[in-house]
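Given next are the chains, with one letter for each unit.
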Amino acid sequence: MNPHVAMNVPLRRSLLGRLLAALCCVAFISVAGLGLAAYMSERSALRQQIYAQLIIIADFKKGFTALWLAERRADTQLLASNKLNQEHFSDLLSPATSSEEKASLLDSLVDSMHLLQQSRPGYSQIVMADVHGVIRAATDPTLIGQSIADDEAFIHTMAAPDGQYTQDLYLHPETGRPEMKFGHVMHAATANDVEPQPAVLGAVILTVDAEQSLFRLIDLGPGLGSTGETMLVRSEGDTTVFLNNTRFAPEAALNLRLRQGTPEAYLATLAANAVEGIQQATDYRGQEVLAAIRYIPQLQWGLVVKIDDNEILAPVYRLTFRLVMVAGVVIVLAVLVSWALARTLIKPLTQLVRATQAVASGDLRTPIAVQRQDELGALAGAFREMVTALDQRQRQLEAAHAEVAAFAEKNVELVQQLRELNASLEEKVAERTQELAAANARLRELDRLKSKFVSNVSHELRSPITSLRGFLELMKINPAKQEQYLALMNAQVDLLGRYIEEILELSRLEQQREHLVFAPLDFNPLVASVVATYQPQAEAAGLRLIFRPDPGPLQVRGNEEELAHLVVNLVANAVNYTPEGSITVITQADPGGVQFVVQDTGIGIPDEDLPHIFERFYRGQNAIQSQIRGTGLGLGIVKEIVQLHGGTIQVDSQVGRGTIFRVWLPSDPGPARRRQSMAAPTVDLKPGD
Ligand code: ADP
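Residues numbered from 1 in each chain as written. Predicted model: local features only at pLDDT ≥ 70, side-chain atom pairs only at ≥ 80, totals over all residues. Heavy atoms only, no water.

An unreviewed UniProt entry lists the protein under the name histidine kinase, with Litorilinea aerophila given as the organism. The Catalytic activity (unreviewed entry) field of the UniProt record for the protein holds the comment "ATP + protein L-histidine = ADP + protein N-phospho-L-histidine." (UniProt positions renumbered as here; feature names shortened; annotations may be inferred.)

Enquirer: Looking at this structure, I do not really get the environment of Leu635. What am I missing?
Expert: You can see Leu635 is positioned in helix 13 (residues 634–644). Taking relative accessible area as the criterion, Leu635 reaches 10% and is therefore assigned buried. Spatially, the C-alpha atoms of Leu635 and His612 are 10.0 Å apart, while their sequence positions differ by 23 residues. If sequence neighbours within four positions are ignored, Leu635 has contacts with Leu570, Asn573, Ile613, Phe614 and Phe661. (Helix = DSSP H or I, 4+ residues; strand = E, 2+ residues; numbered from the N terminus. Buried < 20%, exposed > 50% of the residue type's maximum accessible area, 1.4 Å probe, protein only. Contact = heavy atoms within 4.5 Å.)

Enquirer: What's the story with the site of the ligand in this structure? I'm lost.
Expert: If you check the shell around the ligand, you find 20 residues, and the closest are Asn573, Tyr577, Arg619, Asn622 and Thr631. Here Gly632 contributes a backbone N or O atom positioned 3.1 Å from an oxygen atom of the ligand. Put simply, the parts of the chain that give the shell around the ligand at least two residues each are helix 11 (560–576), helix 12 (621–625) and helix 13. Within the shell around the ligand, the residues separate by chemical class into nine nonpolar, nine polar and two charged. (Near = heavy atom within 4 Å. Polar contact = N/O pair within 3.5 Å; in protein donor to acceptor, adjacent residues only side chain to side chain. Nonpolar A, V, L, I, M, F, W, Y, C, P; charged D, E, K, R; others polar.)

Enquirer: Would you take a moment to explain the pairing of strand 2 (residues 135–138) for this structure?
Expert: Along any regular strand, the residues point their side chains to alternate faces of the sheet. Where strand 1 (residues 123–130) meets strand 2, three bridges bridge the pair, whose relative direction is antiparallel. Bridge pairing in strand 2 places Met128 opposite Ala137. Hairpin connection, strand 1 to strand 2: the antiparallel pair is bridged by four residues, and Gly133 has positive phi, about 95°. (Pairing = 2+ DSSP bridges.)

Enquirer: Would you take a moment to explain the domain arrangement of the protein for this structure?
Expert: Interfaces are often described in size by the accessible area the parts lose on coming together. As assigned here, the protein comprises domain 1 (82–215), domain 2 (224–312), domain 3 (406–511) and domain 4 (516–684). Each of domain 1 and domain 3 has a C-alpha centre, and the two are 196 Å apart. (Domains from an automatic or database assignment.)

Enquirer: Can you walk me through the side chain of Asn245 in this structure?
Expert: With respect to the helices, strands and loops of the structure, Asn245 is situated in the loop between strand 7 (239–242) and strand 8 (257–259). At 3.2 Å, the side chain of Asn245 forms a polar contact with the backbone oxygen of Pro250. Among the polar contacts listed, one links the side chain of Asn245 to the backbone nitrogen of Ala253, at a separation of 2.7 Å.

Enquirer: Just checking my understanding: could you explain the pattern of salt bridges for this structure?
Expert: Where charged atoms from two side chains of opposite charge approach closely, those side chains can pair. Overall, the coordinates contain 23 salt bridges when judged by the stated rule. With a shortest N-O distance of 2.4 Å, Arg294 and Asp59 are connected by a salt bridge. Pair noted here: Arg294 is in strand 10 (residues 288–296) and Asp59 is in helix 1 (residues 15–81), with a separation of 235 residues, a long-range link. Look at Arg294 and you get buried, because its relative accessible area is 11%. Asp59 gets classed as partly exposed once you look at its relative accessible area, which sits at 36%. Arg120 is the partner of Asp75 in a salt bridge, and the nearest nitrogen-oxygen pair spans 2.7 Å. Of this pair, Asp75 sits in helix 1 while Arg120 sits in the loop between helix 3 (99–119) and strand 1, placing them 45 residues apart in sequence. In this structure Asp75 comes out as buried when scored by relative accessible area, which is 5%. (Salt bridge = Lys/Arg side-chain N within 4 Å of Asp/Glu carboxyl O.)

Enquirer: What exactly am I supposed to notice about the environment of Ser41 here?
Expert: Tracing the backbone shows Ser41 in helix 1. By relative accessible area, which is 42% here, Ser41 ends up partly exposed. A C-alpha to C-alpha distance of 9.7 Å links Ser41 and Val316, two positions 275 residues apart in sequence.

Enquirer: When you look at the packing of helix 11 against helix 13 in this model, what are you seeing that I'm missing?
Expert: Packed helices, taken two at a time, are described by the angle between their axes plus the distance between the axes. Running from N to C, helix 11 and helix 13 cross one another at 145°; their axes reach a closest spacing of 9 Å. Handedness of the helix 11/helix 13 crossing: left-handed. Residues Glu562, Leu563, His565, Leu566, Asn569, Leu570 and Asn573 of helix 11 form the contact with helix 13, whose own contacting residues are Gly634, Leu635, Ile637, Val638, Ile641 and Val642. Residue composition of the contact of helix 11 with helix 13, grouped by class: eight nonpolar, four polar and one charged. (Axes fitted to C-alpha atoms, helices over the stretch in contact; angles between N-to-C directions. Left-handed = near helix turned anticlockwise from the far one by under 90°.)

Enquirer: Just checking my understanding: could you explain the sheet that holds strand 15 (residues 581–590) for this structure?
Expert: Sheet strands pair by backbone hydrogen bonding; their relative direction is either parallel or antiparallel. Within the open sheet, the five strands sit side by side as 13-15-16-18-17. Their pairing is mixed. The sheet is open, and its two edges are formed by strand 13 (543–548) and strand 17 (648–654), each paired on a single side. Across the sheet, the axes of successive neighbouring strands diverge by a mean angle of 10°, strand direction being ignored. Of the strands in this sheet, strand 13, strand 15, strand 16 (593–600) and strand 18 (658–666) touch helix 10 (residues 523–540), which is tilted by about 170° from strand 13.

Enquirer: Explain helix 9 (residues 482–512) to me, please; I cannot follow it from the model alone.
Expert: Two residues of an α-helix separated by three or four positions point the same way, owing to the 3.6 residues in each turn. Taking 1.5 Å of rise per residue, the 31 residues of helix 9 would be expected to cover 45 Å, and the 43 Å separating its terminal C-alpha atoms lies within 8% of that figure. Of all the residues in helix 9, the buried ones are Tyr485, Met489, Ala491, Gln492, Leu495, Leu496, Tyr499, Glu502, Ile503, Glu505, Leu506 and Leu509. (Expected span 1.5 Å × (residues − 1).)

Enquirer: Where do I start with the packing of aromatic side chains in this structure?
Expert: Any aromatic ring pair is given by two values, namely how distant the centres are and how the planes are angled relative to each other. On inspection of all chains with the given rule, the structure shows seven aromatic pairs. Consider the rings of Phe471 and Tyr485, whose centres lie 6.0 Å apart with planes at 35°: the pair is tilted. Taken together, the residues Phe471 in helix 8 (residues 375–477) and Tyr485 in helix 9 connect sequence positions 14 residues apart. A single burial state applies to Phe471 and to Tyr485, both of which are buried. Above the ring of Phe248, the side-chain terminus of Arg285 is found at 4.2 Å from the ring centroid. (Phe/Tyr/Trp six-rings, centres within 6.5 Å; stacked < 30°, edge-to-face > 60°. Lys NZ or Arg CZ within 6 Å of the ring centre and 35° of its normal.)

Enquirer: In this structure, what is going on with a negative patch on the surface? I would like to understand it.
Expert: On the surface, Glu87, Asp91, Glu100 and Glu101 cluster together into a negatively charged patch. One can find Asp91 in helix 2 (residues 83–93). Relative accessible area serves as the criterion here: at 35%, Asp91 is assigned to the partly exposed category. (Patch = residues over 30% accessible without salt bridge, like charges linked within 9 Å, V, L, I, M, F, W, Y side chains within 5 Å. Areas by Shrake-Rupley, 256 points an atom, 1.4 Å probe, with all protein chains shown as cover. Lys, Arg positive; Asp, Glu negative; His and termini not counted. Charge placed at Lys NZ, Arg CZ, Asp CG, Glu CD.)

Enquirer: How should I be thinking about the UniProt feature "domain: HAMP" (unreviewed entry) in the protein in this particular structure?
Expert: Using the residue numbers shown here, the UniProt feature "domain: HAMP" (unreviewed entry) corresponds to residues 343–395. Between the end C-alpha atoms of residues 343–395 there is a gap of 35 Å, over a span that is 74% helix and 0% strand.

Enquirer: How should the confidence of the model for the protein be read in this particular structure?
Expert: Confidence along the protein averages 86 in pLDDT terms, with 93% of residues attaining 70 or more. Contacts from residues 1–6, a stretch scored under 50 in pLDDT, to residues over four places away or in other chains number 12 contacts. Below a pLDDT of 50 lies the segment residues 674–689, which in the model reaches 31 contacts outside its immediate sequence neighbourhood of four places, other chains included. (pLDDT = per-residue confidence, 0-100.)

Enquirer: Teacher, can you tell me more about the sheet that holds strand 4 (residues 178–187) here?
Expert: With antiparallel pairing, five strands are arranged side by side in an open sheet as 2-1-5-4-3. Only two strands of the sheet have a single partner each, and these edge strands are strand 2 and strand 3 (164–171). Across this sheet, the average inter-strand angle for adjacent strands is 20°, counted without regard to direction. Summarising the sheet, strand 4 and strand 5 (residues 200–209) pair through nine bridges and their orientation is antiparallel. Residue pairing for strand 5: Glu179 is matched across the bridge by Asp209. Seen against the sheet, helix 3 touches strand 1 and strand 2 and runs at an angle of roughly 150° to strand 1. Packed onto the sheet, helix 5 (residues 211–219) meets strand 3, strand 4 and strand 5 and runs at close to 50° relative to strand 5.

Enquirer: Teacher, can you tell me more about the nonpolar core here?
Expert: Of all hydrophobic cores here, the largest spans 58 residues; its most connected members are Phe523, Leu566, Val567, Leu570, Val571, Phe596 and Phe661. If you count residues domain by domain, this core takes at least three from each of domain 3 (406–511) and domain 4 (516–684). Dropping the residues within four chain positions of it, Phe596 is found in contact with Phe523, Val527, Leu566, Val567, Leu570, Val585, Ile586, Thr587, Phe661, Arg662 and Val663. In this structure, Trp68, Met113, Ile126 and Leu243 belong to the second largest nonpolar core, which totals 46 residues. (Core = buried A, V, L, I, M, F, W, Y, C linked by side-chain atoms within 4.5 Å.)

Listed below in structure tokens is the structure:
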């Protein structure tokens, strides 16, 4: 199992991630809640404060404008009503006054005008005109003598019931500057008898540069910030006209005209139409503003004191920004604190997860490095105890497993040994069984042979005995032929003797099978002796009996008497079954033993007899037909002797041409005899081999 699985849990699904998210949410919600509450209350408080401020400023400016108006009117009236001025102007107009006096009077009047002009900014021109409109005294001496009879201010002043007139704001036709004119009728200082009312001397016309005086003063005032504006407006038909230049419209005076009903003209139109109050609306620039509206009835002017919404809310925005910053810092701190807190909680859990994975993968030795005093420490302790118990259990299991494995290994060895023993036992049993079977078969064969032998013996013995009995009877009947019969009987007795002899030989061989004494001997002399014995018989039969011995001594380990029997039987048969010709006896050394050959030129053995000639009492057709007497036991004895000596015998014969018997005898028949004791040796009886 991968030991880093715990680290692969996506953050958003991990405990750490969830804890972080929860803590961040709590921090964010609290900061955002506090911020929102602060924002709402601050915003409304600010609005209230600005409302009050705007109203105060607007009222102040309304009062200030009215004061300004009254002051201008009062100054005009002062010039016109001043007793000294009245007297001087009156004297100036009088034809009785001399030129010098007039010049002095004019100086005096102009001085008073200058005095006033110097004390008030924006008093651009002051003139005193007679009833005909001719300027008699002026701050500008060049104007003296000019007529203002057509001047609107002069006409309205002279016609005014209360003797004073204020000409509304206009633009000077030449300079283009905004001006106002204040006019006041000038009376004579005292009444006389002819005219109970003081006589009208003319009018004082004061021209005020609005830009220099009113507009500057109107513009002044703290509390309007960087976007605050004060606008003087008046209504002209369906148009609202801006009277003063403002911060954002420096050339507005009488040049900025807005059609009433448009959104831009909304606030100014309200003011121009004597609606007072506080408004939040769009101003002539299309900006959202908060405005206090006042009306100055003396001039039928509207007054709008306004400030941009943005500026009002700037502190709120600043506050909001600060709150956001604080929230950010708080959240970052919360994340850091949460992270640190979460890590201290998650780290031991991660270690426990790793330890669990290690245990799951079979590693019980990795120590769990959680050292805490809290519940996680207790959990780690419990886990450690569990792992220790598991480790002990595993060790016990491993030990038990090792024991079982060792036992199993031993068991396997034992089983293997048992199997091997079993196999060798089975092999031995099979071997023994085979030996027993062979011995049994041999015993049975022997038994069968014995029965057959006994029956053959009794059968074979019966015929000579029967012959003897017959000859005896014949002798009784015909005593004359006694001699002849006795000869015949002698032959039968010989045969009987041979039978008995050979039967005895066979039984002796069988009896001595295990106890026959073997000794080393030279085979040549043995054969030579037999050949010499049969030499006379051969010669008598006209046969040549030749012996070709091996030149050296032929060492054979065997029983001399039995080997002599073997040679006798083969040589005798050769002499018996050879009517003419020769018999050759050969001995020669052969690898591991001796070869002994008896070759004759006799009648030969038919093929059908060859397989049987070594059987006891078997006589070949050739022997019977040739009336050659025999017992049929000779070759059986030969076969027995060859077997006892561990040798082999072969026969090769052709009818009418002769027969060859080849015997091979080992130098030491020990092993062969041992073999022979267990199983009958095979004797190849095929002729010609
Ligand atoms: P027998 O007494 O008949 O010779 P043997 O056992 O010696 O008995 O021989 C068995 C038979 O083998 C003989 O009857 C004969 O038919 C045949 N036989 C043995 N030797 C010779 C031989 N040299 N030539 C021809 N036939 C032979």
